[in-house]
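Listed below are the residues making up each chain.
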Amino acid sequence: MVRTQISLFGILLIAMFLETFIVPGLWSTLRVDLLIGMTIGVIIHLSFSQGLVFVMVASLALQPFSGARTGFIPMLYLFGFFAIELLKSVLYLENVQTQLILAVIFNVIFVEAYVVSLDMPLGQTEIWPLLAGSLLTGVLCPLMVMVVGNVKKACYEPS
């Protein structure tokens, strides 16, 4: 369990670097959320307790980069974790199209909640980058799920 968590946090650090420096460097208002894909991957491949610990600590690590009120980002990700965990009994999450759609929907929900919490209206110029970021999040979600699955296989293979 510890090896899996350490490996996932290493991948999270790489994802945070991509989200905060590389992607905004390409298009300053574009925001991609790779943690949503990792959350879906954790729900598919790991137990509830391992997933809950990962999402709690990972969302706390993302809090300083968001600029949101303290505790708001962890609350959003925990909401997403519990909602997807509940949807797991209804939807087949291993399907790539389902992962893509869920990632887009939850990214839109998270961004809208963030915008509402800041009480700032979105103009026409801000909507397009947010939609592009949501679509890019959805496209990258199956990749993140695959990475989490590979980490699980590597950590649980007998040494």
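Let us look at the structure shown here. (Residues numbered from 1 in each chain as written. Predicted model: local features only at pLDDT ≥ 70, side-chain atom pairs only at ≥ 80, totals over all residues. Heavy atoms only, no water.)

## Digging into the overall build of the chain
Keep this limit in mind: For helices the rule is a DSSP run of H or I covering at least 4 residues; for strands it is a run of E covering at least 2, with both sets numbered from the N terminus onward. Radius of gyration means the value over C-alpha atoms here, while the globule rule gives 2.2 Å times the residue count to the 0.38 power. A 1.4 Å probe rolled over the protein chains alone gives each residue an accessible area, and that area as a share of the maximum for its type sets the label: buried under 20%, exposed over 50%, partly exposed in between. Residue contacts are defined here by distance: any two heavy atoms, one from each residue, within 4.5 Å place the two residues in contact. Computed with a 1.4 Å probe, the accessible areas rest on the Shrake-Rupley method; for each residue, only the protein chains presented here act as cover. Asp and Glu are treated as the negative residues and Lys and Arg as the positive ones, with His and the ends of the chain left uncounted. Taken as the charge location is NZ of Lys, CZ of Arg, CG of Asp or CD of Glu.
Across its full length, the chain carries six helices and zero strands. The linear arrangement of helices and strands in the chain, starting from the amino end, is α-α-α-α-α-α. Taken over C-alpha atoms, the radius of gyration comes to 15 Å for the chain, in line with the 15 Å a tight globule of 159 residues would show. The C-alpha extent of the chain, read off along each of the three principal axes, is 55 × 30 × 30 Å. Residues classed as buried in the chain amount to 44% of the 159 residues present. Of the contacts made within the chain by residues no fewer than 6 positions apart, 74% connect residues no fewer than 24 positions apart. When the accessible area of the chain is evaluated, it comes to approximately 8600 Å², of which 73% is carbon and sulfur surface. Averaged over its 6 positive side-chain charges, the chain has a centre that lies 10 Å from the centre of its 8 negative ones.

## Focus: the nonpolar core
In summary, soluble globular proteins display a tendency toward joint burial of nonpolar side chains. Selection criterion: What makes a nonpolar core is a set of buried Ala, Val, Leu, Ile, Met, Phe, Trp, Tyr and Cys residues whose side-chain atoms join them at distances within 4.5 Å.
Ranked by size, the top nonpolar core spans 41 residues in total, and within it Leu-8, Leu-35, Met-38, Ile-40, Phe-54 and Tyr-77 carry the most contacts. Elements that contribute at least two residues to this core include exactly helix H1 (2–26), helix H2 (34–45), helix H3 (48–66), helix H4 (72–87), helix H5 (96–118) and helix H6 (124–156). Here Leu-8 is in contact with Met-38, Val-42, Leu-46, Phe-54, Val-148 and Val-151, once residues within four sequence places are set aside.

## Focus: the pattern of salt bridges
Under the convention used in this document: Take a side-chain nitrogen of Lys or Arg and a carboxyl oxygen of Asp or Glu: if they are within 4 Å of each other, that pair is a salt bridge.
In the structure shown here, the tally under the stated rule is one salt bridge. Of the charged contacts, one joins Glu-85 and Lys-88 as a salt bridge, the two residues approaching to 3.3 Å between their closest N and O atoms.

## Description of H3
This is how it is decided: Under the convention used throughout, the expected extent of a helix is 1.5 Å for every residue step, that is, one less than its residue count.
Over its 19 residues, H3 extends 26 Å from the first C-alpha to the last, a length consistent with the 27 Å expected when each residue adds 1.5 Å. Next to the buried residues of H3 lie H1, H2, H4 and H6. Phi for Gly-67, located one or two positions after H3, is positive at around 80 degrees.

## Some remarks on the side chain of Ser-59
So the rule is basically this: We define a polar contact as two N or O atoms separated by no more than 3.5 Å, with the added condition that, inside protein, one atom must be a possible hydrogen donor and the other a possible acceptor, whereas residues neighbouring each other in sequence contribute only through side-chain atom pairs.
Among the secondary structure elements, Ser-59 is positioned in helix H3. A polar contact of 2.8 Å, which involves the side chain of Ser-59, links it to the backbone oxygen of Val-55. Setting aside chain neighbours within four positions, we find Ser-59 in contact with Leu-35, Ile-73, Pro-74 and Tyr-77.

## Looking at the environment of Leu-12
Looking at where Leu-12 falls in the secondary structure, it is placed in helix H1. Taking relative accessible area as the criterion, Leu-12 reaches 3% and is therefore assigned buried. A C-alpha to C-alpha distance of 23 Å links Leu-12 and Gln-97, two positions 85 residues apart in sequence. Apart from residues no more than four positions distant in its own chain, Leu-12 is found in contact with Leu-35, Met-38 and Ala-58.

## Concerning the packing of aromatic side chains
The following threshold applies: Within 6.5 Å between ring centres, the rings of Phe, Tyr and Trp (the latter by its six-membered ring) count as paired, and their orientation is classed by plane angle as stacked under 30 degrees, edge-to-face over 60, tilted in between.
Scanning the model with the defined rule gives eight aromatic pairs in all. When the centroid spacing of 5.1 Å and the interplanar angle of 45 degrees are considered together, the rings of Phe-9 and Phe-54 count as tilted. Of the two residues, Phe-9 is situated in helix H1 and Phe-54 in helix H3; the sequence distance between them amounts to 45 residues. Between Phe-48 and Phe-82, the aromatic rings sit 6.0 Å apart at their centres with planes inclined by 40 degrees, giving tilted as the arrangement. In this pair, Phe-48 is assigned in helix H3 and Phe-82 in helix H4, connecting sequence segments 34 residues apart. Phe-48 sits in the partly exposed class, given a relative accessible area of 38%. Relative accessible area serves as the criterion here: at 38%, Phe-82 is assigned to the partly exposed category.

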